[in-house]
Amino acid sequence: MSVILLLIIYLIFISLGLPDSLIGSSWPAISQSLNVSESAQGIISFVSAVCTVISSFSTGQILKKISEKWVVIGSIFLTCIGLVCLSFSSNFIFLVLSMIPLGFGGGAIDTTLNNYVALNYKAIHLNWLHAFWAIGASTSPLILSIFLSDINGWRSGALVLAAIQFSIFVIAFCSISLWKVVEKNNLNREEETNNLSFLKSFKIRGVAFALIAFFAYIALESIAGVWFSSMMVFGLKISEDLASSYTSMFYIGIMIGRLISGVVSLKISDKNMIRIGESILFIGTIILMMNFSIILMPIGLFIIGLGCGPIYPSIVHATPIRFTKKLSKDVMAIQTGCAYIANFTALPLFGVVAKSTSFLILPYVILAFFILLALCNELVLIKTKDKEKVLEILRK
């Protein structure tokens, strides 16, 4: 039964990735269709990110009152509503409003399933699940490309994605009985739950360093993936198509890294998987800094992606081990929230700084976030070594 449920969770992770690349891949058509500025995409992304952060932060408290299965099923339904609303948006205001259910739904699914899989399955699955998210994110533009020959074709594409999401919602709804079977193998519900408030979650021993490490990793990953192409074009004056093809090396590296690390994680602990990933990431960063060579740059970026591969899933899977199962939901919620905060703070901030200085600072910014990531990950291990001290927060 748990194997069948795991397959359904893999399917849900694909659905989690489907809406993520929708706006970016179809924005030129959307902006022309609704007669809005091309720069208005920033407003859409901001609203979606804020809703996702709020959803992620509140999920820890919601899970104390509602079981995982209902949060996941309800959140998938929210994404269906968001996609349908998006497809029928007649103006920019309705388009912005459609981001609200998409953001809330996506944040809750991400937080809930990360914690659920970390508690109930081996590390290999978290690595591969996040690889499956990439499948969904890369499939969405392919589906949309079929319809974008027409300026309003994005509406049909969004409806197709909504239909796929609804199909996954039906499958998830029909799997309710499977969740109960797996839940019986966990700790009793009374043992897993606590009365820790949202604000008090930030006072858990070691959690501050965990949040900084998570923020640093997401900032590093997003800056490398989004701004590398700009560095190549504006900093090294190479063509846009060549820069775009180089950027794909980063995501290929992450995909390969997660597939390989999934297998390796069967023999190596989460903390050592993180260290291995950090070591590989450091090598790639040094290659970027050594020489701004058109040949070496994509190789360095690929190695950075390869190193990034195991870090995110291993941090997530280590959460119940670091902070105990009693506190994992609370920590997972605020960790995920910090991840999304990094996306709409560090990412645009780098753009502002790079435009006023030089895009060639990218390798040095990656190195700075790497140092912060590695240092804070080690401090978390020191702070959470004594589990009794970690659990003291429940007695205060």
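Described below are features of the structure shown in this document. (Residues numbered from 1 in each chain as written. Predicted model: local features only at pLDDT ≥ 70, side-chain atom pairs only at ≥ 80, totals over all residues. Heavy atoms only, no water.)

1. With respect to the overall build of the protein
This is how it is decided: Counting from the N terminus, the helices are the DSSP runs of H or I reaching at least four residues and the strands are the DSSP runs of E reaching at least two. What the globule rule says is 2.2 Å times the number of residues to the power 0.38, and the radius of gyration is computed from C-alpha atoms. We call two residues contacting when some pair of their heavy atoms lies within 4.5 Å. Per-residue and other accessible areas follow the Shrake-Rupley method at a 1.4 Å probe size, with only the shown protein chains counted as cover for residues. Neither His nor the chain ends contribute to the count of charged residues, in which Lys and Arg are positive and Asp and Glu negative. In this description, the location of a charge corresponds to atom NZ of lysine, CZ of arginine, CG of aspartate or CD of glutamate.
Within the protein, the regular secondary structure consists of 18 helices and zero strands. Expected size for 396 residues packed as a compact globule is a radius of gyration near 21 Å; at 21 Å, the protein falls within 12% of this value. Seen through its principal axes, the protein has C-alpha atoms that stretch 55 × 50 × 35 Å. A fraction of 83% describes how many contacts in the protein between residues 6 or more apart in sequence connect residues 24 or more apart. Summing over all exposed atoms, the protein offers an accessible surface of approximately 16,700 Å²; the carbon and sulfur share of this is 69%. Placing the 27 positive and 19 negative side-chain charges of the protein at their respective mean positions leaves the two points 8 Å apart.

2. A look at the nonpolar core
Inclusion rule: We call a set of buried residues a nonpolar core when its members are Ala, Val, Leu, Ile, Met, Phe, Trp, Tyr or Cys and they connect through side-chain atoms within 4.5 Å of each other. Only protein chains enter the accessibility calculation, which uses a 1.4 Å probe; a residue is then buried when its area is under 20% of its type maximum, exposed when over 50%, and partly exposed in between.
Membership of the largest hydrophobic core comes to 73 residues, with the highest contact counts inside it found for I9, I12 and I223. A total of 14 residues in this core trace back to one element, the largest contributor, which is helix α11 (residues 207-236). Those residues within four positions of I12 in sequence are excluded, and the remaining contacts are V72, I76, I109, L113, I168 and A172. Listed in part, the 24 residues of the second largest apolar core include L83, L86, M99 and L144.

3. Details of the pattern of salt bridges
Put simply, the rule is: Salt bridge criterion: a side-chain nitrogen from Lys or Arg within 4 Å of a carboxyl oxygen from Asp or Glu.
Applying the stated rule across the entire model yields three salt bridges. Close ionic contact of R258 with E221 constitutes a salt bridge, the shortest N to O distance being 3.8 Å. Of this pair, R258 sits in helix α12 (residues 240-264) while E221 is found in helix α11, placing the two residues 37 residues apart along the sequence. For R258, a relative accessible area of 7% puts it in the buried group. The partner of E378 in a salt bridge is R275, with the nearest N and O atoms 2.9 Å apart. Of the two residues, E378 sits in helix α17 (residues 362-383) while R275 sits in helix α13 (residues 270-290), which places them 103 residues apart along the sequence. Of the residues examined, E378 reaches a relative accessible area of 29% and is grouped as partly exposed.

4. Remarks on the side chain of T324
Within the secondary structure, T324 sits in the loop between α14 (296-323) and α15 (328-343). On the accessibility criterion, T324 (12% relative accessible area) is buried. Apart from residues lying up to four places away in sequence, T324 is in contact with T319, K387 and L391.

5. With respect to the packing of α11 against α17
When two helices pack together, their arrangement is given by the angle between the helix axes and by the axis-to-axis distance. As a reminder, the rule being used: Structural elements are reduced to axes, namely lines fitted to C-alpha atoms, with helices fitted over the stretch in contact, and the angle between N-to-C directions of any two is expressed from 0 to 180 degrees. By the definition adopted for this analysis, an angle is roughly parallel if under 35 degrees, roughly antiparallel if over 145, roughly perpendicular if from 65 to 115, and oblique otherwise. With the far helix as reference, a near helix turned anticlockwise by less than a right angle produces a left-handed crossing, and one turned clockwise produces a right-handed crossing. We call Asp, Glu, Lys and Arg charged. Ala, Val, Leu, Ile, Met, Phe, Trp, Tyr, Cys and Pro are nonpolar, and the rest, Gly among them, are polar.
Packing of α11 against α17 leaves a shortest axis separation of 8 Å and a crossing angle of 160°. The pairing of α11 with α17 is recorded here as roughly antiparallel in orientation. Here α11 and α17 pass one another in a crossing that is left-handed. Taken together, the residues of the contact of α11 with α17 break down into 25 nonpolar, one polar and one charged.

6. Quick word on α11
Helical geometry note: an α-helix holds 3.6 residues per turn, so side chains three or four residues apart project in the same direction. The condition is simple: Helices are assigned an expected span. That span is 1.5 Å times one less than the residue count.
Taking 1.5 Å as the rise per residue, α11 with 30 residues should run 44 Å; its terminal C-alpha atoms sit 40 Å apart, in good agreement. With 21 of 30 residues buried, α11 lies mostly within the body of the structure.

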